[in-house]
Amino acid sequence: MGQKNITLKMPTDFTEGDLKHKIGKKQRIKNFTFQIEGKSLDARNKSNIHWLVRVLITSEEIKEKISGKDLELNIPYKKRKENVIIVGSGPAGFFAAYVLQIAGFKTSLLERGSEVEKRIKSVNDFEKTSVFNPENNYAFGEGGAGTFSDGKLTSRSKHISLERKFIIKTYIEAGAPKEIKYLAQPHLGSDKLKTILKNIRLKYCEIGGVLNFETQLTDVKIKEGNASSVETNSGVMDTSILVLATGHSAYETYRILMQKGLRFRTKNFALGCRMEHPQQIINLAQWGKEKLPGVKAAEYRLSSKADGKQQVYSFCMCPGGTIVPAAAYPNSNIVNGMSLYNRDAKFANAACVAGVNLNELLEREVSASEALDWLEKLEQSFYEQTNSYQAPSCSISDFINKKNPKSNLESSYPFGLTPEPLWDMLPVKVSNSIREGLKDFSRKIKNFESGNLVGLESKSSAVIQVLRARSGLCEGFENIYMLGEGSGYAGGIISSAADGIKGAMNIIAQFE
Ligand SMILES: Cc1cc2nc3c(=O)[nH]c(=O)nc-3n(C[C@H](O)[C@H](O)[C@H](O)COP(=O)(O)OP(=O)(O)OC[C@H]3O[C@@H](n4cnc5c(N)ncnc54)[C@H](O)[C@@H]3O)c2cc1C
């Protein structure tokens, strides 16, 4: 039996039958099976937009053989006596707990929020009543920040291919569509993610993992330089190993950890607003038409260094999605974007952010705790400006021209928008860079300047970073690991989950 990889150009609305027919014709073979291994949209030429589909064909009529082993993550099992407490059930915490449980540790996963079913209700109630729930919101609760996300499974992190394969396999086993294995831009959407979360939770519990919802870490007891137990709002728990995967929104947890001697430093991050356009504008600009059969909604990725100083770029683009109030604490206005699997909502949104080095921005050396205070204040100022969860906003052209913003901007944002001079609400250097970036983007996408800007977008990555000795181990400790986005070494679902897995594999090696 021979095997061969080929790449075929296919129309956007091709069927499996069309693909099979084309393979047979191109290879001049009759009896074969095939598997899609890659699928990406080629929209460079608007009059010939097509999929590039990479297939692996298996047939007796093929002479070639594909060499090389399909490597998989190897998680060694043995009965172990150590118990591990993992704090935070986002992608990093969940995958760390899951891998450690498979390896034979006794794991307990603590999550300050509730299971996803209850969390959904709290988020819906918040949007109906404006009463914020500090435990269950867009940042906290089962699945972490990843739950109400766009569910894009792309990552620019390097050296995570085994971990990525494991994550994708776990998601597919939990009900994710198989296409996430081969799409160049895999996407789940928040609706699919919620079902997947319930199923992976069941799987983790089936193999002996313990999930403690509504359990918030409030203190860590350190004995002879190592964590011996954790204090929570529902009691004290002893631990042999502590894994912290609390994300980059958990400001009070960061402050507890600083007091306990974990060392942090500031890191570069990004600040800005979210841009929003009717999806047709983006479809027309990218495809030359409003609809393209077989493709959900057009995307963009933009970057500019128009002011010659700071990189401005689009981030976390959500075609056919909504802008959501993503704050983890009351009286803050932070926005982010999400979508459902079908990506068929009316608007497209994406962050528009400028890179920030806080020491340069404030022209002094800033400590990690000052960086947290500074960001928290900025996030609160966006609430104070409207004195409500209505988000400050203006049109892109008003931002560019510093012109009094108009009212009644149409938006997907659930609390509505209040016209405000966003350019005056951001630090001046950030505002100036974003203005030049937006001018540049408006030259690239037709009608771009007619879109909205909504603030504040401050959560594209952590503002601080813990000092780690090796794969996740916190400097100065032998049994405290900090993983995922909150550690400052990862960002996004796949990269945070992969960091969780790498940390877990390091613990396995350490206790071998
Ligand atoms: C609206 C939105 C859309 C997004 N869309 C995408 C996307 O499409 N693709 C993508 O790759 N990324 C996306 N992201 C980013 C992604 O969700 C995060 O990068 C990822 O979730 C980080 O994973 P994590 O496990 O490190 O932390 P988190 O997901 O932040 O999880 C941390 C968990 O710790 C819990 N916790 C915090 N403190 C405590 C404590 N003291 N005690 C107990 N529990 C605690 C929290 O409740 C939370 O559940 C999005 C984020 C948001 C907010």
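Reading the values: the criteria
Residues numbered from 1 in each chain as written. Predicted model: local features only at pLDDT ≥ 70, side-chain atom pairs only at ≥ 80, totals over all residues. Helix = DSSP H or I, 4+ residues; strand = E, 2+ residues; numbered from the N terminus. Buried ≥ 20, exposed ≤ 12 C-beta atoms within 10 Å, placed from the backbone. Contact = placed C-beta atoms within 7 Å. Domains from an automatic or database assignment. Pairing = 2+ DSSP bridges. Axes fitted to C-alpha atoms, helices over the stretch in contact; angles between N-to-C directions. Near = placed C-beta within 6 Å. Nonpolar A, V, L, I, M, F, W, Y, C, P; charged D, E, K, R; others polar. Parallel < 35°, antiparallel > 145°, perpendicular 65-115°, else oblique. Left-handed = near helix turned anticlockwise from the far one by under 90°. Right-handed = clockwise from strand over helix to strand, strands pointing away. Core = buried A, V, L, I, M, F, W, Y, C linked by C-beta atoms within 7 Å. Expected span 1.5 Å × (residues − 1). Arc of directions from axis to C-beta.

*Asks:* For the overall build of the protein, give the residues involved together with the corresponding values.
*Replies:* A count of helical and extended segments in the protein gives 13 helices and 21 strands. Its C-alpha atoms put the protein at 70 × 65 × 45 Å along the principal axes. Out of the 512 residues belonging to the protein, those deemed buried represent 46%. Of all intrachain contacts in the protein linking residues separated by at least 6 positions in sequence, the fraction that spans at least 24 positions is 72%.

*Asks:* Before we move on, could you go through the domain arrangement of the protein and cite the residues and values that matter?
*Replies:* In terms of domains, the protein is made up of domain 1 (2–59), domain 2 (83–264 + 464–510) and domain 3 (268–371 + 378–457). Taking the mean C-alpha position of each, domain 2 and domain 3 sit 27 Å from one another. Each partner contributes to the interface: domain 2 provides 20 residues, whereas domain 3 provides 21 residues. No other element matches the 4 residues that helix α5 (residues 189–206) contributes to the side of domain 2 that touches domain 3.

*Asks:* Quick rundown of the sheet that holds strand β1 (residues 2–11)? Include the residues and the values.
*Replies:* Read across the open sheet, the 3 strands follow the order β1-β3-β2; overall the sheet is antiparallel. Of all the strands in the sheet, the pair left with one neighbour each is β1 and β2 (33–42). Direction aside, the axes of adjacent strands within the sheet are offset by 20° on average. Strand direction decides the pairing type here: β1 and strand β3 (residues 50–59), joined by 10 bridges, are antiparallel. Counterpart to Asn5 in the pairing with β3 is Leu56.

*Asks:* Explain the site of the ligand to me, and be specific about the residues and the numbers.
*Replies:* The ligand sits among 44 residues. The nearest are Gly88, Gly90, Gly144, Gly247 and Gly484. Looking at the shell around the ligand residue by residue, the class counts come to 17 nonpolar, 22 polar and 5 charged. Both domains that furnish three or more residues to the shell around the ligand are identified here as domain 2 (83–264 + 464–510) and domain 3 (268–371 + 378–457).

*Asks:* An account of the sheet that holds strand β21 (residues 480–482) is requested, with residue identities and associated values reported.
*Replies:* The parallel open sheet is built from 5 strands, whose spatial order is β6-β5-β4-β10-β21. Both outer strands of the open sheet, β6 (210–212) and β21, are each paired with one neighbouring strand and no more. Each adjacent strand pair in this sheet contributes to an overall mean axis angle of 20°, direction not counted. In this sheet, strand β5 (residues 106–110) lies alongside strand β4 (residues 83–87) in parallel orientation, the contact comprising 5 bridges.

*Asks:* Requested: an account of the pairing of β3, with residues and values cited.
*Replies:* Of the pairings in the sheet, the one linking β2 to β3 comprises 9 bridges and is antiparallel in character. Across the sheet, Lys39 pairs through a bridge with Val53, a residue of β3.

*Asks:* Account for the environment of Thr170, with residues named and values stated.
*Replies:* Secondary-structure assignment places Thr170 in helix α4 (residues 161–173). C-beta crowding within 10 Å serves as the criterion here: with 21 such atoms nearby, Thr170 is assigned to the buried category. Linking Thr170 and Ile200, residues 30 residues apart in sequence, is a C-alpha distance of 7.6 Å.

*Asks:* Requested: an account of the packing of helix α6 (residues 251–259) against helix α9 (residues 368–384), with residues and values cited.
*Replies:* A pair of packed helices is characterised by two quantities: the angle between their axes and the separation of those axes. Remark: α6 packs on α9, axes separated minimally by 11 Å, with the N-to-C direction vectors making an angle of 165°. Taken together, the axes of α6 and α9 lie roughly antiparallel to each other. Handedness of the crossing formed by α6 with α9: left-handed. From α6, Tyr251, Tyr254 and Met258 reach across to α9, where they touch Ala368, Ser369, Leu372 and Glu376. Residues of the contact of α6 with α9, tallied by class, amount to 5 nonpolar, 1 polar and 1 charged.

*Asks:* Please set out the pairing of β4 residue by residue, giving values where relevant.
*Replies:* Of all 5 residues in β4, 4 are buried; the element is thus mostly enclosed. For the handedness criterion, the β-α-β arrangement of β4, helix α2 (residues 91–102) and β5 is classed as right-handed. As defined by bridge partners, β4 adjoins strand β10 (residues 241–244) across 4 bridges and the pair is classed as parallel. The residue bridging Val87 from the neighbouring strand is Leu244, located in β10.

*Asks:* Any details on the nonpolar core? Residues and values, ideally.
*Replies:* Of all hydrophobic cores here, the largest spans 125 residues; its most connected members are Ala96 and Val243. Tallying contributions element by element places helix α13 (residues 493–510) first for this core, with 9 residues. There are two domains that each give this core at least three residues, and those are domain 2 (83–264 + 464–510) and domain 3 (268–371 + 378–457). Residue contacts for Val243: discarding those within four places in its chain leaves Val84, Ile86, Val87, Ala96, Tyr481, Leu483 and Gly503.

*Asks:* Requested: an account of α4, with residues and values cited.
*Replies:* Over its 13 residues, α4 extends 18 Å from the first C-alpha to the last, a length consistent with the 18 Å expected when each residue adds 1.5 Å. Taken together, the buried positions of α4 are occupied by Glu163, Phe166, Ile167, Thr170 and Tyr171. Buried residues of α4 fall within an arc of 130° about the axis and therefore sit on the same side. For α4, the exposed residues set more than 90 degrees away from the buried face come down to Ser161 and Glu173.

*Asks:* With reference to specific residues and values, describe unusual backbone geometry.
*Replies:* Note the cis peptide between Gly455 and Leu456, where omega equals 5°. Even without glycine at this site, Glu214 takes up a positive phi of about 50°. Assessed through the 17 C-beta atoms surrounding it within 10 Å, Glu214 is described here as partly exposed. One non-glycine residue with positive phi stands out, namely Asn387, at about 50°. Among the structural elements, Asn387 can be located in the loop between α9 and β17 (391–395). Assessed through the 9 C-beta atoms surrounding it within 10 Å, Asn387 is described here as exposed.

*Asks:* Outline α2, listing residues and values.
*Replies:* Taking 1.5 Å of rise per residue, the 12 residues of α2 would be expected to cover 16 Å, and the 16 Å separating its terminal C-alpha atoms lies within 8% of that figure. Of all the 12 residues making up α2, 11 are buried; the element is thus mostly covered by neighbouring parts of the structure. Among the residues of α2, Pro91, Ala92, Gly93, Phe94, Phe95, Ala96, Ala97, Tyr98, Val99, Leu100 and Gln101 are the ones counted as buried. Elements in contact with the buried residues of α2: β4, β5, α4, α5, β10 and α13. Immediately downstream of α2, the backbone of Gly104 shows phi near 105°, a positive value.

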